[in-house]
Amino acid sequence: MSAPTTPGPAVADLLGLVAFGELLAFERMAGDARLAPDLHRRAALNEMAAAEIANYRRLADRLTALGVPPADAMAPYLGPLQAYHDSTEPRDWAEAVTKAYVGDAITDDFIREIADAVAEPDRQLVLDVLHDSRYAEFAAAEIRVAVAADPRVAGRLSMWARRLVGEALSQAGRVATERGALTALIARGDRVDVSGLFRRITAAHTARMTAAGLNN
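These remarks concern the structure in this document.

Conventions adopted
Residues numbered from 1 in each chain as written. Predicted model: local features only at pLDDT ≥ 70, side-chain atom pairs only at ≥ 80, totals over all residues. Heavy atoms only, no water. Core = buried A, V, L, I, M, F, W, Y, C linked by side-chain atoms within 4.5 Å. Buried < 20%, exposed > 50% of the residue type's maximum accessible area, 1.4 Å probe, protein only. Contact = heavy atoms within 4.5 Å. Helix = DSSP H or I, 4+ residues; strand = E, 2+ residues; numbered from the N terminus. Arc of directions from axis to C-beta. Phe/Tyr/Trp six-rings, centres within 6.5 Å; stacked < 30°, edge-to-face > 60°. Axes fitted to C-alpha atoms, helices over the stretch in contact; angles between N-to-C directions. Left-handed = near helix turned anticlockwise from the far one by under 90°. Nonpolar A, V, L, I, M, F, W, Y, C, P; charged D, E, K, R; others polar. Polar contact = N/O pair within 3.5 Å; in protein donor to acceptor, adjacent residues only side chain to side chain.

Turning our attention to the nonpolar core. Of all hydrophobic cores here, the largest spans 71 residues; its most connected members are L14, L17, F110, I111, I143 and L182. Non-local contacts of L14, meaning those with residues more than four positions away in its chain, are made with I111, I114, A115, V118, V126 and L182.

The omega angle of the peptide bond from E120 to P121 is 5°, so this bond is cis rather than trans. Counting through the fold element by element, P121 comes out in the loop between α5 (93-115) and α6 (122-128).

Our next topic: helix α4 (residues 78-87). A turn of α-helix holds 3.6 residues, and therefore any two residues three or four places apart point the same way. Every buried residue of α4 is accounted for by P80, L81, Y84 and H85. In a view along the axis of α4, the buried residues occupy a sector of 125°, so they form one face of it.

As a further point, take the packing of aromatic side chains. How two aromatic rings sit relative to each other is set out by the distance from centre to centre and by the angle between their planes. One pass over the structure, following the stated rule, counts 1 aromatic pair. On the numbers, 6.4 Å between centres and 70° between planes, the contact of W93 with F138 is edge-to-face. Taken together, the positions of W93 in helix α5 and F138 in helix α7 (residues 133-149) put the pair 45 residues apart, joining distant regions of the chain. Each of the two residues, W93 as well as F138, counts as buried.

It is at 9 Å that the axes of α5 and helix α8 (residues 153-178) come closest, and there the two elements cross at 35°. Considering how the two elements wind past one another, α5 and α8 form a crossing that is right-handed. Counting all contacts with α5, which are made through A94, E95, T98, K99, V102, I106 and F110, the residues of α8 involved are R156, L157, W160, A161, L164, V165, A168, L169, A172 and A176. Per-class residue counts for the contact of α5 with α8 are 13 nonpolar, 1 polar and 3 charged.

Before going further, it helps to examine the side chain of D109. Relative to the helices and strands, D109 resides in helix α5. With relative accessibility at 12%, the residue D109 sits in the buried group. In terms of polar contacts, D109 uses its side chain to reach the side chain of R112, at 3.1 Å. Once residues lying within four places of it in the same chain are set aside, the contact partners of D109 are I201, A204 and R208.

The next point concerns the side chain of D122. By the secondary structure assignment, D122 is in helix α6. A polar side-chain atom of D122 sits 2.7 Å from a polar atom in the side chain of R62. Not counting residues up to four positions away in its chain, the partners in contact with D122 are V11, L15, R62 and L66.

Okay, structure coming up:
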């Protein structure tokens, strides 16, 4: 099977989107680590933040190699991604790890769908920088601990997760419609449509909620 072909502007658009997402994730995780109830958890979240900034550097280096200034590639996404993080500021540790578990996974699902249409080596680079499953497992375990300690927390975190996914899908839709090259990747031929993409993302989110002991 031949490798997928990609419109020229799409690679820079996708790499810019992922790079800015990694940069914001680093800033957010480093800040949220201060909400941790102990030093072990604080260190764990800071390790996650360190992985994000390392991923950002890989993407920035690739953009530079393609002749695209990383700041230029990231600039179109400043509005929607910053809006998502500004509107979903966690109030405590349980909300912080829920955001890491739910919000990051939604973003990864969105990016993974788009990356499927990108030619190598950029497809593999994008897939490589998606969040490590160990971090999702850590976040899910922390959610379960919080719910076991106080079952009433489950309702609050379930509502918080619904807010996170709503905001994430809203901003993903904004990105998909405002960036023509990305829209072309999502709606390539008859294989993928935006509504179908969002249905799959929502189904995966439901499964993750169940795994963490939360209600969808």
